[in-house]
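Now for the letters of each chain:
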Amino acid sequence: MVWVLLLLLAWTVAGAACTRLCLAAVRAAAVDENVGRGQAGQGHDLTLYEAAFLSGGPRRVADLTMVSMARQRRLVLARTGWATVVDPRGRDEMERSVIGAIGPEGQSRIAPARAAAAAADAVVGLADRLVRAGLAVPDGARTTVATGVRQVRVAAVAVLALGVTALLVPATPDMPRDLVALWFALPLALTLSCLAIARVEVHPYSRWASPAGQRLLGALARRAGGPGDDRTYLTSVAVRGIRAVGEPDLRAAFAHREQYGLD
């Protein structure tokens, strides 16, 4: 019977995807437990670059650096999507990475410069330091759970498609269609319940920050100054990204970055 073969395939797809997600979640929980030991982050004051990475990863660090330099009139970010270096002397390694990413001519499209700055050694070093301090999630733990969730979603769609296919196959006298549908509802229920559990257990965790890192981010926001304070402005950009930028021209300049990927 064709529907039996399709059912076996549905169970195989659903079981494999859910197993991979469960294993990934167990590994991620082990990482969180190890990070939580030893009072990770105790007494550590986050820099704005660290806050940017923990909130949005390497590209957020590049965004923050560009916005900070633009506010100091050392970098011009045109609404046409071009960046022009005004002061070629970077004040720290992140600024030097941005200037180097723009290139020796001092002018470049913002999107490729942003992507190159995000991949620079300075940002990689920042990520490594945060991971060693227990404030950032290691790359392996960050990607495996997300990949597992995507695989379970694909499996749920595949099970549904297989069930529909089985119902379209001419029915056999000894197997009513509603019973066939019930059999396929079981692997579909497995995938959906696995996604629901993953959302409850995994969703509260940031893609970049460990639980200790998230606590420091919350403390940083509470310590920020008043509305007119420049550090408060940059803290908002670090935590919330470009959507925290109030200047229309500056927001328009970053609107050209989509072709190279969002946060």
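All values derive from a computational prediction rather than experimental measurement. (Residues numbered from 1 in each chain as written. Predicted model: local features only at pLDDT ≥ 70, side-chain atom pairs only at ≥ 80, totals over all residues. Heavy atoms only, no water.)

A description of the pattern of salt bridges should follow, citing residues and the corresponding values.
In total, this model carries seven salt bridges according to the counting rule given. The residue arginine 71 makes a salt bridge to glutamate 247 at a minimum N-O spacing of 3.1 Å. In this pair, arginine 71 sits in helix α3 (residues 58-71) while glutamate 247 sits in the loop between α10 (230-240) and α11 (248-254), placing the two residues 176 residues apart along the sequence. The residue glutamate 95 makes a salt bridge to arginine 74 at a minimum N-O spacing of 2.6 Å. Taken together, the residues glutamate 95 in helix α4 (residues 93-102) and arginine 74 in the loop between α3 and β1 (75-77) connect sequence positions 21 residues apart. An identical accessibility class is assigned to glutamate 95 and arginine 74; each is buried. Here the salt bridges do not stand alone but share partners, grouping Arg71, Asp230 and Glu247 into one network. (Salt bridge = Lys/Arg side-chain N within 4 Å of Asp/Glu carboxyl O. Helix = DSSP H or I, 4+ residues; strand = E, 2+ residues; numbered from the N terminus. Buried < 20%, exposed > 50% of the residue type's maximum accessible area, 1.4 Å probe, protein only.)

Explain the environment of proline 170 residue by residue, including any values.
Looking at the element boundaries, proline 170 is found in the loop between α7 (139-168) and α8 (177-202). According to the relative accessible area criterion, proline 170 is exposed, its value standing at 68%.

Summarise the state of the cysteines; cite the residues concerned and give the values.
Such a bond, covalent and formed between the sulfur atoms of two cysteines, is termed a disulfide. In the structure shown here, the tally under the stated rule is zero disulfides. Its sulfur unpaired, cysteine 22 is 4.5 Å from the next cysteine sulfur, which belongs to cysteine 194. Of the residues examined, cysteine 22 reaches a relative accessible area of 42% and is grouped as partly exposed. With no disulfide of its own, cysteine 194 lies 3.9 Å from the sulfur of cysteine 18, the closest cysteine sulfur. (Disulfide = S-S within 2.5 Å.)

Can you break down the nonpolar core residue by residue, with the values?
Membership of the largest hydrophobic core comes to 50 residues, with the highest contact counts inside it found for Phe53, Leu54, Val67, Leu75 and Leu77. At seven residues, α3 tops the list of elements feeding residues into this core. Once residues lying within four places of it in the same chain are set aside, the contact partners of leucine 77 are Met66, Ala70, Trp82, Ala83, Ile110, Leu250, Ala253 and Phe254. Core analysis: the second largest hydrophobic core is formed by twelve residues, Ala17, Cys18, Leu21 and Ala155 among them. (Core = buried A, V, L, I, M, F, W, Y, C linked by side-chain atoms within 4.5 Å. Contact = heavy atoms within 4.5 Å.)

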